[in-house]
Amino acid sequence: EGPRAVILKKAVEFGPAEAWMNERAARGAPGAVAPFVAAFDGAAVGGGKRRPVAAADGGPLWLLWEDEGAESLFATMARKEWPYCAEPILFGRELERERGPRRRAATLAVVARHLLESLDALHAIGIVHRDVKPQNVLLSPADGRAKLIDLGAAVSREREERGRCRASSLLRPPSSPHPPTSGRPARGHQLHPQRAPPRPPLRAPGEIHHVAPHPAR
């Protein structure tokens, strides 16, 4: 396999936790987030031996993702041709209908559906993103989807005693270990079940029901 383009990020704070979130999302919800490759500590980038994420001793971690040539939703929305400029990415071509409200709505509906599906997939494996905004959404030409990035503020919902945020009635309890911390919890790491929103009603399979997480104290 030849060389491939990657995106590199230096995670100074909460690097092990962010790497854990990305690794878990890559396994359990691969289409919901940008394709994660690996995490390395600073010594590995400088030519040292690669160590497991959990072995990082307080230094920064380097996180790698595949570069799909994607552009952020924020940057795309800043273009004068928005939302028409997103059509080749999401549909593979420009739509043939006349420009106007109906054509704009088609693109907006697809972006909204992709985001809800991505949140649904993350919530199903116990991850709450907590920082959804245009800057943290990529429009990927590789598969024509809007994907979430930046899990630095994400938290893991621990079993039933934690918060009850879900986008679907089909919830699988976390199957992997609890995320690592860097000595102190990320802001809002604890979700308070006594203040969590009520469980949503049961829905038909495939029907999305999104409930926003209650902010932590």
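Note that the structure is a prediction, hence the values are computed from the model and not measured.

Draft legend 1. View of the overall build of the protein. Of regular secondary structure, the protein possesses five helices and eight strands. When the elements of the protein are put in sequence order from the N terminus, they spell out β-α-β-α-β-β-α-α-α-β-β-β-β. Residues counted as buried form 41% of the 217 residues belonging to the protein. Pairs at least 24 residues apart make up 67% of the contacts formed inside the protein by residues separated by at least 6 positions. A total of about 11,900 Å² of accessible surface is found on the protein, and carbon and sulfur atoms cover 54% of it.

Draft legend 2. Structural view of the pattern of salt bridges. Evaluated as defined, the whole model comprises ten salt bridges. Between arginine 79 and glutamate 71 there is a salt bridge, and its shortest N-O distance comes to 3.0 Å. The partly exposed category is assigned to glutamate 71, whose relative accessible area is 23%. The partner of arginine 103 in a salt bridge is glutamate 87, and the shortest N-O contact between them spans 2.7 Å. Taken together, the residues span a long stretch of sequence, with arginine 103 in helix 5 (residues 101–124) and glutamate 87 in helix 4 (residues 87–91) at a distance of 16 residues. Each of Lys9, Glu18 and Asp150 takes part in one network of salt bridges that share partners.

Draft legend 3. The sheet that holds strand 3 (residues 61–66), seen in detail. The strand order 1-3-2 describes an open sheet built from three strands, whose pairing is antiparallel. With one partner strand each, in any of the chains shown, strand 1 (6–11) and strand 2 (36–41) form the two edges of the open sheet. When the angles between neighbouring strand axes are averaged without regard to direction, this sheet yields 20 degrees. In the sheet, strand 2 pairs with strand 3 via five bridges, with the strands oriented antiparallel. Note that in strand 3 the partner of phenylalanine 36 across the bridge is tryptophan 65. Strands strand 1, strand 2 and strand 3 of the sheet are contacted by helix 1 (residues 15–28), whose axis makes an angle of about 25 degrees with strand 3.

Draft legend 4. The arrangement of the packing of aromatic side chains in detail. Inspection of every chain in the model, using the stated rule, returns one aromatic pair. Between phenylalanine 36 and tryptophan 65, the ring centres sit 5.7 Å apart and the planes meet at 70 degrees, which makes this aromatic pair edge-to-face. Taken together, the residues span a long stretch of sequence, with phenylalanine 36 in strand 2 and tryptophan 65 in strand 3 at a distance of 29 residues. Here phenylalanine 36 matches tryptophan 65 in class, with each residue buried. Over the ring of tyrosine 84 we find arginine 99, and its NZ or CZ is 4.2 Å from the ring centre.

Draft legend 5. Examining the nonpolar core more closely. Core analysis: the largest hydrophobic core is formed by 23 residues, its most contacted members being Leu122, Ile127, Leu139 and Leu148. Listed by contribution, the elements that provide at least two residues to this core are helix 1, helix 4, helix 5, strand 6 (137–140) and strand 7 (145–148). Take this core: its biggest share by element is five residues, from helix 5. Setting aside its immediate chain neighbours within four residues, isoleucine 127 contacts Met21, Arg24, Ala25, Leu122, Ala154 and Val155. Listed in part, the nine residues of the second largest apolar core include Ala11, Phe36, Leu63 and Leu138.

Draft legend 6. Focus on the environment of leucine 90. Take leucine 90: it is sitting in helix 4. Judged by relative accessible area, leucine 90 falls into the buried class, the value being 10%. Taking C-alpha positions, leucine 90 is 7.6 Å from leucine 139, a pair spaced 49 residues apart along the chain. Setting aside chain neighbours within four positions, we find leucine 90 in contact with Thr107, Val110, Val111, His114, Leu139 and Gly144.

Analysis parameters
- Residues numbered from 1 in each chain as written.
- Predicted model: local features only at pLDDT ≥ 70, side-chain atom pairs only at ≥ 80, totals over all residues.
- Heavy atoms only, no water.
- Helix = DSSP H or I, 4+ residues; strand = E, 2+ residues; numbered from the N terminus.
- Buried < 20%, exposed > 50% of the residue type's maximum accessible area, 1.4 Å probe, protein only.
- Contact = heavy atoms within 4.5 Å.
- Areas by Shrake-Rupley, 256 points an atom, 1.4 Å probe, with all protein chains shown as cover.
- Salt bridge = Lys/Arg side-chain N within 4 Å of Asp/Glu carboxyl O.
- Pairing = 2+ DSSP bridges.
- Axes fitted to C-alpha atoms, helices over the stretch in contact; angles between N-to-C directions.
- Phe/Tyr/Trp six-rings, centres within 6.5 Å; stacked < 30°, edge-to-face > 60°.
- Lys NZ or Arg CZ within 6 Å of the ring centre and 35° of its normal.
- Core = buried A, V, L, I, M, F, W, Y, C linked by side-chain atoms within 4.5 Å.

Taken by themselves, the reported measurements are silent on function.
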